[in-house]
Amino acid sequence: MTMLALEIGADGFAASRVANNVGTDEIRRVPIPTRAAWDSCRDLLLQVAGGEDVTRVGIGSIGPLDMAAGVVAPPGIAEWATGFALVSAIEKLFPGAIVQLALDGVCLGLAERNFGATNDVLDAVAVMVSDRIGAGVMVGGFVVVGRTGNAGNLGHVLVPGFDERCECGGRGCLEAVAGGTSAVNWARAQGWQGTSVDDLVGQARAGDELADAALTRAGTALGRAIASVAALLDLDLVVLGGTMAAPGTSLWKALGAAVATHARLGHLTGLRVVPSELGEVGVLAGAGVLALTAGEG
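Residues numbered from 1 in each chain as written. Predicted model: local features only at pLDDT ≥ 70, side-chain atom pairs only at ≥ 80, totals over all residues. Heavy atoms only, no water.

**Q** How would you explain the packing of helix α1 (residues 37-49) against helix α2 (residues 86-93) if you had to name every residue and give the values?
**A** In contact at an axis separation of 11 Å, α1 and α2 are set at 45° when each is read in the N-to-C sense. Our classification of the angle between α1 and α2 gives oblique. Crossing handedness for the pair α1 and α2: right-handed. Seen from α1, the contacting residues are Trp38, Arg42, Leu45 and Leu46; seen from α2, they are Leu86, Ala89, Ile90 and Leu93. (Axes fitted to C-alpha atoms, helices over the stretch in contact; angles between N-to-C directions. Helix = DSSP H or I, 4+ residues; strand = E, 2+ residues; numbered from the N terminus. Parallel < 35°, antiparallel > 145°, perpendicular 65-115°, else oblique. Left-handed = near helix turned anticlockwise from the far one by under 90°. Contact = heavy atoms within 4.5 Å.)

Dropping the structure here:
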């Protein structure tokens, strides 16, 4: 019985088999092409399947999506932006396979609950801060999915003190400040010469003032949003991962200061924000959990 995990990311597809002994070197990744996105995704899945009979596939995708309909509409894939029936396409590719789809944040929550820092708590939030910001919300030991499957859009929580325009059309969203693309754009507007999140993090560590300021702004916004969500959900653990959350930068210091300032209610005094240990495989690992549990319940 061969099971596959598939990740639809902001800039690429990733896939692997689901098994106890699968290493990171066995994960296959391809960039999102400018055209024929499904062809690229299909070829990746077939390569990973290796001609074996595939019985289950778990998919973690950036949103928005319609989980019940099996449709994804990631804005970074032009051909799919108005909706692509991904589940149906994979069911045709692997006849008889059970295919299960969830938002990337939901998959991140599943991965942290099964393999990471939240496996011994009932209520927590796992946050991924890269170019975009998503989260897996865990309440009572279950990862919250939401009415349409889009629960966990922490990137679109409004943050007091900021009014940047967001890609969603609103203003003051967390992602418009702390998302990697937004932070890089802000720093460049101030005169910084780098071009990527890796540049931003590396130069901030090296003492570049503008890169450091961009990460400080991001950390402050993240801390404010996290304090608000913790108050809403009555939780004391947040796990933070993603390229923007690399350790050893001013983002963590600013985040801690913002949490200390705003998480003042008595039940929040023990609120902890800790780094994820899952690295780049969190969403794909969660998609593997989907594959393992597909058809159950």
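Read on, since the account is not over.
**Q** An account of the pattern of salt bridges is needed here, citing residue identities and associated values.
**A** Under the criterion given, the structure shown has six salt bridges. Between Asp43 and Arg42 there is a salt bridge, with its nearest N and O atoms 3.3 Å apart. Its relative accessible area of 44% is what places Asp43 among the partly exposed residues. On the basis of relative accessible area, Arg42 is assigned to the partly exposed category, the value being 28%. Within this structure, Asp39, Arg42 and Asp43 form a network of salt bridges that share partners. (Salt bridge = Lys/Arg side-chain N within 4 Å of Asp/Glu carboxyl O. Buried < 20%, exposed > 50% of the residue type's maximum accessible area, 1.4 Å probe, protein only.)

**Q** Go over the state of the cysteines with me, naming the residues and quoting the values.
**A** A complete count under the given rule lists zero disulfides for this structure. Cys107 takes part in no disulfide bond, and the closest cysteine sulfur, belonging to Cys41, lies 14 Å away. By relative accessible area, which is 0% here, Cys107 ends up buried. No disulfide involves Cys166; its nearest neighbouring cysteine sulfur is the one of Cys168, lying 3.7 Å away. (Disulfide = S-S within 2.5 Å.)

**Q** Please set out the nonpolar core residue by residue, giving values where relevant.
**A** Residues Ile59, Trp80, Ile90 and Phe94 are the most contacted members of the largest nonpolar core, which totals 54 residues. Looking at this core, the element that brings in the most residues is α1, giving seven residues. Counting residues in hydrophobic clusters, the runner-up holds 45 residues, among them Ile133, Ala211, Ala225 and Ala246. (Core = buried A, V, L, I, M, F, W, Y, C linked by side-chain atoms within 4.5 Å.)

**Q** Got a sec to walk through the environment of Leu65? Specific residues and values, please.
**A** One can find Leu65 in strand β5 (residues 65-66). For the pair Leu65 and Ala85, spaced 20 residues apart in sequence, the C-alpha to C-alpha distance is 9.8 Å.

**Q** Please set out the packing of aromatic side chains residue by residue, giving values where relevant.
**A** As enumerated under the stated definition, the model contains three aromatic pairs in all. For the ring pair Trp38 and Phe84, a centre distance of 5.9 Å and an interplane angle of 40° mean the geometry is tilted. Here Trp38, found in helix α1, pairs with Phe84, found in the loop between β6 (71-72) and α2; they are 46 residues apart in sequence, far enough to count as distant. A network of ring pairs unites the aromatic residues Phe13, Trp38, Trp80 and Phe84 as a single cluster. (Phe/Tyr/Trp six-rings, centres within 6.5 Å; stacked < 30°, edge-to-face > 60°.)

**Q** Provide a residue-level description of the sheet that holds strand β3 (residues 28-31), including the pertinent values.
**A** Pairing is mixed across the open sheet formed by five strands, whose spatial order is β3-β2-β1-β4-β7. Because the sheet does not close on itself, it has two edges, and the strands there are β3 and β7 (98-103). Sheet twist, expressed as the mean angle between neighbouring strand axes with direction ignored, is 15°. Taken together, the four bridges between strand β2 (residues 12-17) and β3 define a ladder with antiparallel strand orientation. Within β3, the position partnered with Ala15 by the bridge is Arg28. (Pairing = 2+ DSSP bridges.)

**Q** Please provide a residue-by-residue account of helix α8 (residues 250-262), values included.
**A** Here α8 is 13 residues long and its end C-alpha atoms lie 18 Å apart, about the 18 Å a rise of 1.5 Å per residue gives. Residues of α8 that are buried include every one of Ser250, Leu251, Trp252, Ala254, Leu255, Ala258 and Val259, and no others. Considering only its buried residues, α8 is in contact with α7 (209-233), β11 (237-241) and β12 (272-275). (Expected span 1.5 Å × (residues − 1).)

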